[in-house]
Amino acid sequence: MKIDFPEQFWWGAATSGPQSEGRFNKKHANVFDYWFEVEPDAFFDQVGPDVASNFYNSYKEDIALMKEIGMNSFRTSIQWTRLIDDFEEATVNEDAVRFYNAVIDECLLQGIRPVINLFHFDMPIALQENYGGWESKHVVDLYVKFASKCFQLFGDRVTEWFTFNEPLVIVDGAYLYQFHYPKLVDGRKAVQVAYNIALASAKAVKAYRKINTHVDGKIGIILNLTPSYPASDDPADLSAARFADLWMNEMFLDAAVKGQFPKELTDTFQKDGVLWDASEAELCLIAENTIDLLGVNFYHPNRVQRPDISADSLAVDWLPTKYFDGFAMPGRRMNVDKGWEIYPQALYDIALNIRDNYGNIPWFVSENGMGVSKEERYLNEEGIIQDDYRIQFIQEHLYWLAKGMAEGSNCFGFHLWTPIDCWSWMNAYRNRYGFISNNIHTQVKTIKKSGRWFRKVVEENQLEVPDTIVAKWTEQVSKEPMEIVI
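Note that the coordinates shown come from a computational prediction; the quantities given were computed from them, not determined experimentally.

Student: Is there a simple way to explain the pattern of salt bridges in this structure?
Tutor: Side chains that differ in charge, positive against negative, can pair when their charged atoms come close. In this structure the tally under the stated criterion is 35 salt bridges. For Lys271, the salt bridge is made with Asp272, and the minimal N-O distance between the two is 3.0 Å. Given a relative accessible area of 60%, Lys271 falls into the exposed group. Judged by relative accessible area, Asp272 falls into the partly exposed class, the value being 21%. Close ionic contact of Lys456 with Glu460 constitutes a salt bridge, the shortest N to O distance being 3.2 Å.

Now the structure itself:
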């Protein structure tokens, strides 16, 4: 089956400043820089963020490789700890201004749209230690100062901005499940941090609309979304899936798109005694400063079931998982190497949810991808990684995305995570995701088979999906092939 995509469709990939530039030649440390300093054993093979994939030094060559595989758009982030010298006053570091200007200009020179995100898990450690990071509304205002500097410095050339990448991961990782620094388990703080990030995003949107002079300028947020699939039709499983959706999807999505939090969720917070501190003026600001466009990160489905322990149990601290447990569906397809379920149909469900429940806001797949370890296993004689598994993964997800687009969902692009294998937080380089491999010892970068395949997709603006893949789903519903016309 061949599927044609719309003209001007974004074909690209995403990374972040801390994961590609690393700490190289950077005045301040972020929370991950600091965490690696004090606990290197927490990171796979004790590999930290110091150099990452050397993008700070090799951005021209790296962007040329992106051009070679056909990318017409590229998302990265500006590091708060690189750009700003004085966090209180938001004075800028001139070398950082030079660097980010050079990156943006090089993208434009190569015909690649620069898509810029402002915060990708990289809270300055000074603000974490002095104020508690996102626990503090003062830090919210310092973030808006940083964002405003970015708009002023780069907004003449950057037309698509995003305030945050995956805010839920910040909340879950740093305040509930201990996979981000400061590794707290504090449900009350987690709920307040969620609110403060939503407030920070709305304040940045307001600042952008005041500062922006570019006629095509837009601003949004990037959320990791997936429907919460219940283990069964039992009312208790359905109730668990409902709360999981509220916490994992609707909390940030409703605030960003609709300008308000789900009442069902805030009522639960109120009942449980963990509702955030919020003023009427702040809630009005959130209501009045909704986003123009949405980025959606999707990797694997979220399956839940009724909690094994009653939500009415006595507990020392509040956790959202009091209302749901994870569910491992028997017979599920897996990326066994990473330990994540593969369920591309979820992209179709996401597409229709955005169409039906969020005003069909313009959106794009801002991350999707398959992490695999020890990819050198798949090197051929020419030194090219034969990552057919990644090609199939992308084909399957684009198939279901296209089906959602054909039914009217307003999706305008697809970005893989990531263009070049990058450093990945605690996992460091354990799993590789890129179109382009990176030898972290030599910083030699080589296009994988998937990168060469991707170039053909972009050149033709067309996806060819093998009949064997289409048959997986058409046989379930009909013996006739499903036609997809976007």
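Student: Looking at this structure, I do not really get the sheet that holds strand 7 (residues 160-165). What am I missing?
Tutor: Each strand in a sheet pairs with another by means of backbone hydrogen bonds, the pair being arranged parallel or else antiparallel. Read around the barrel, 8 strands follow the order 2-3-6-7-8-10-15-16 and close on themselves; strand pairing throughout is parallel. Here the strands of the sheet are splayed against their neighbours by 25° on average, with no regard to which way each runs. Across 4 bridges, strand 10 (residues 293-297) lies against strand 15 (residues 363-367) in parallel orientation. Within the sheet, the bridge partner assigned to Gly295 lies in strand 15 and is Phe364. Strands in contact with helix 7 (residues 137-154) are strand 7 and strand 8 (218-224); relative to strand 7, the strand with the most contacts, it is inclined by about 160°.

Student: Looking at this structure, I do not really get the packing of aromatic side chains. What am I missing?
Tutor: The relative placement of two aromatic rings is captured by the distance of their centres and the angle of their planes. Under the counting rule described, the total for this entry stands at 57 aromatic pairs. Plain terms: the ring middles of Tyr229 and Tyr343 are 5.4 Å apart, the flat faces sit at 75° to each other, and that makes the pair edge-to-face. A residue pair is termed long-range when its members are at least 10 positions apart, and Tyr229 in strand 9 (residues 228-230) and Tyr343 in the loop between strand 14 (340-341) and helix 13 (345-357) qualify at 114 residues. Assessed through its relative accessible area of 14%, Tyr229 is described here as buried. An angle of 45° between the planes, with centres 4.5 Å apart, marks the rings of Phe243 and Tyr323 as tilted. Residue Phe243 is located in helix 10 (residues 235-257), and its partner Tyr323 is located in the loop between strand 11 (302-305) and strand 12 (325-326); the two are separated by 80 residues in the primary sequence. For Phe243, a relative accessible area of 6% corresponds to the buried category. Each residue in the set Phe32, Tyr34, Trp35, Phe36, Phe43, Phe121, Tyr181, Trp423 and Trp425 is aromatic and connected to the rest through ring pairs, giving one cluster. The ring of Tyr343 carries Arg303 above its face, with NZ or CZ at 4.7 Å from the centroid.

Student: Can you walk me through unusual backbone geometry in this structure?
Tutor: Excluding glycine, most residues fall at negative phi; most peptide bonds, likewise, are trans. With omega at 20°, the peptide bond leading from Tyr181 into Pro182 counts as cis. Mapping Pro182 onto the fold places it in the loop between helix 8 (167-175) and helix 9 (187-211). Note that the residue after Trp417, namely Thr418, is joined by a cis bond; omega there is 20°. Its place among the elements puts Thr418 in the loop between strand 16 (411-417) and strand 17 (436-439). One non-glycine residue, Gln46, lies in positive phi territory at about 55°. Take Gln46: it is sitting in the loop between helix 2 (31-38) and helix 3 (55-68). With a relative accessible area of 46%, Gln46 lands in the partly exposed category. Here the phi dihedral of Trp425 falls at roughly 55°; this positive angle occurs in a residue that is not glycine. Mapping Trp425 onto the fold places it in the loop between strand 16 and strand 17. Residue classification places Trp425 among the buried residues on the basis of a relative accessible area of 10%.

How each quantity is defined
Residues numbered from 1 in each chain as written. Predicted model: local features only at pLDDT ≥ 70, side-chain atom pairs only at ≥ 80, totals over all residues. Heavy atoms only, no water. Salt bridge = Lys/Arg side-chain N within 4 Å of Asp/Glu carboxyl O. Buried < 20%, exposed > 50% of the residue type's maximum accessible area, 1.4 Å probe, protein only. Pairing = 2+ DSSP bridges. Helix = DSSP H or I, 4+ residues; strand = E, 2+ residues; numbered from the N terminus. Axes fitted to C-alpha atoms, helices over the stretch in contact; angles between N-to-C directions. Contact = heavy atoms within 4.5 Å. Phe/Tyr/Trp six-rings, centres within 6.5 Å; stacked < 30°, edge-to-face > 60°. Lys NZ or Arg CZ within 6 Å of the ring centre and 35° of its normal.

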